[in-house]
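Structure assessment
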Amino acid sequence: MLTCKEFLTELNSFLDEETDSLLRVQLEKHINECPNCWVVVDTCKKTMKVFKGMEPQAIPSEVEGRLMEALRRKMAARRCGEA
Amino acid sequence: MTGLALPTALPEFRPGWYDKKPRMDTANGQELIDESALVELARQGDDAAFSTLVNRYNRKIFRLAKNITQNDEDAEDVLQDAFLKAYTHLDSFHGDSKFYTWVVRIAVNEALMKLRKRRSDKTVSLDEEIDTGEEQVTREIAVWDGDPEQKYGQTELRQILDEAIQNLKPAFRTVFQLRDVEELSTEETAEALDLSVPAVKSRLLRARLQLRERLTRVFKRKGDDALAYM
C-alpha cells in the first residue's frame, strides 16, 4: 500500500484525473483504507468546487465606464491615424 | 485634448454580422459567438468585435487583477492596460493560444509590474525558488459541515474565499487563480506565467492544500477534530 506521503505527492494528478489507470487503482485503494487521506481528498475537491462556482462580481459601473472610454479613445485615435 | 471627434458610444455587437460565420458555442445557456471568429473580425479592423471580446472577459480580468494586486486602483489600471495593449498589439496575436489566455498573460504581467512597483524593496517573482517542502500541509483533518455554497450566503461565502486566497503567497495565489478559478489548463497556466509545467503543478498542490486547510478551519463540522488520526 502507498504511504500517505506518496499519496500526497500524487494528489494533484489524482484530483485532475491525470494518472494512468494502474496508479489510480493504487490511489483509490489508499483512500479507501486511510480516513485522513480520504478527508484531504474530499475537502480538496470541495475547495476546488467552491472556488470554481464563484462567479466574478460585476465590475463597478464607473470602472467599466472608464475602461470603455479609454478603449473608445484608442479606437478613435487608430481610425484617425488610418484616415 | 486632441480635438478628436469621438463617437458617443462604442459600436455595439450586431448578430447579423456573423450570419456567414455560424461557428457558435454555448456557455451558461447563452449562445456565444466563437472567440476565434471575433478575434479574426477584430484583426480585420472590426472594433465592435473587439468590444464584444472586452465585454465577455472584463469581469474575469478584473477579478484576476484584483486577486494579484490586492488593490482596487491597481486592478483598474491593469484592466485598462491589458485590453488597450491587446487592442494595440492584436496584429501580433497569431492564434497559437486562445485570445483569453493571451489577455490573461498580458494582465498577469501588468499586475506583477504593479506589485513590484508597490513593493520596491521586495522582489515579486513567479519563477523564484519556492520551498515546496517535503512536508505537505495536512494539519486540519476534519470533514466539512454540509455544502458551503448552500450553508452560506453569496456575500459571506465570497468574503471567506477572498480572505483565504489573499493569504496565499503571490506565486501560489496566481497559479491557483488561473488553474482552478479561471479554469485554464496546466499548460495554459504555465504559458501565461512563463513557468514550467512541473513548477505550476508544484505551486498548485501547495495552493490547494493551504486553501483546503484554511477553509477547513471555517467549514469543519463541530466535534470532528477527533477524526485527526495522523
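Residues numbered from 1 in each chain as written. Chains lettered and ligands numbered in written order. Predicted model: local features only at pLDDT ≥ 70, side-chain atom pairs only at ≥ 80, totals over all residues. Heavy atoms only, no water.

To continue, consider the overall build of chain B. Each helix and strand counted, chain B has 9 helices and 2 strands in total. Listing the helices and strands of chain B from first to last along the sequence gives β-β-α-α-α-α-α-α-α-α-α. (Helix = DSSP H or I, 4+ residues; strand = E, 2+ residues; numbered from the N terminus.)

For the rest of this paragraph, the subject is the interface of chain B and chain A. Each partner contributes to the interface: chain B provides 59 residues, whereas chain A provides 48 residues. Counting each side, the surface lost to burial between chain B and chain A is near 5,100 Å², with a carbon and sulfur contribution of 66%. If you sort the residues of chain B by the area they bury against chain A, R59(B), Y87(B) and R208(B) come out on top, with a joint share of 13%. Linking chain B with chain A are 9 salt bridges. In this structure, R59(B) engages E55(A) in a salt bridge whose closest nitrogen and oxygen atoms are separated by 3.7 Å. If you look at where chain B meets chain A, you find 14 residue pairs in polar contact (both at pLDDT 80 or more). Sorting the residues of the side of chain B that touches chain A by element identifies α2 (47-69), α3 (72-88), α5 (148-151), α6 (154-166), α7 (170-181) and α9 (197-219) of chain B as the ones contributing at least two each. (Contact = heavy atoms within 4.5 Å. Buried area = accessible area lost by both parts, 1.4 Å probe. Salt bridge = Lys/Arg side-chain N within 4 Å of Asp/Glu carboxyl O. Polar contact = N/O pair within 3.5 Å; in protein donor to acceptor, adjacent residues only side chain to side chain.)

Right, let's talk about the domain arrangement of chain A for a bit. For interface size, the figure often reported is the accessible area lost on association. As assigned here, chain A comprises domain 1 (1-52) and domain 2 (56-83). In this structure, domain 1 of chain A and domain 2 of chain A have C-alpha centres spaced 46 Å apart. (Domains from an automatic or database assignment.)

Right, let's get into the confidence of the model for chain B. Residues and elements named next belong to chain B. When pLDDT is averaged along chain B, the result is 79, and 74% of the positions lie at 70 or above. Taken element by element, chain B is modelled with least confidence in strand β1 (residues 24-27), mean pLDDT 43, and with most confidence in α3, mean pLDDT 96. Below pLDDT 50 for its whole length, residues 226-230 participates in 11 contacts with residues either more than four positions away or in separate chains. Overall fold confidence for the complex sits at a pTM of 0.77, while the interface term, ipTM, reaches 0.87. (pLDDT = per-residue confidence, 0-100.)

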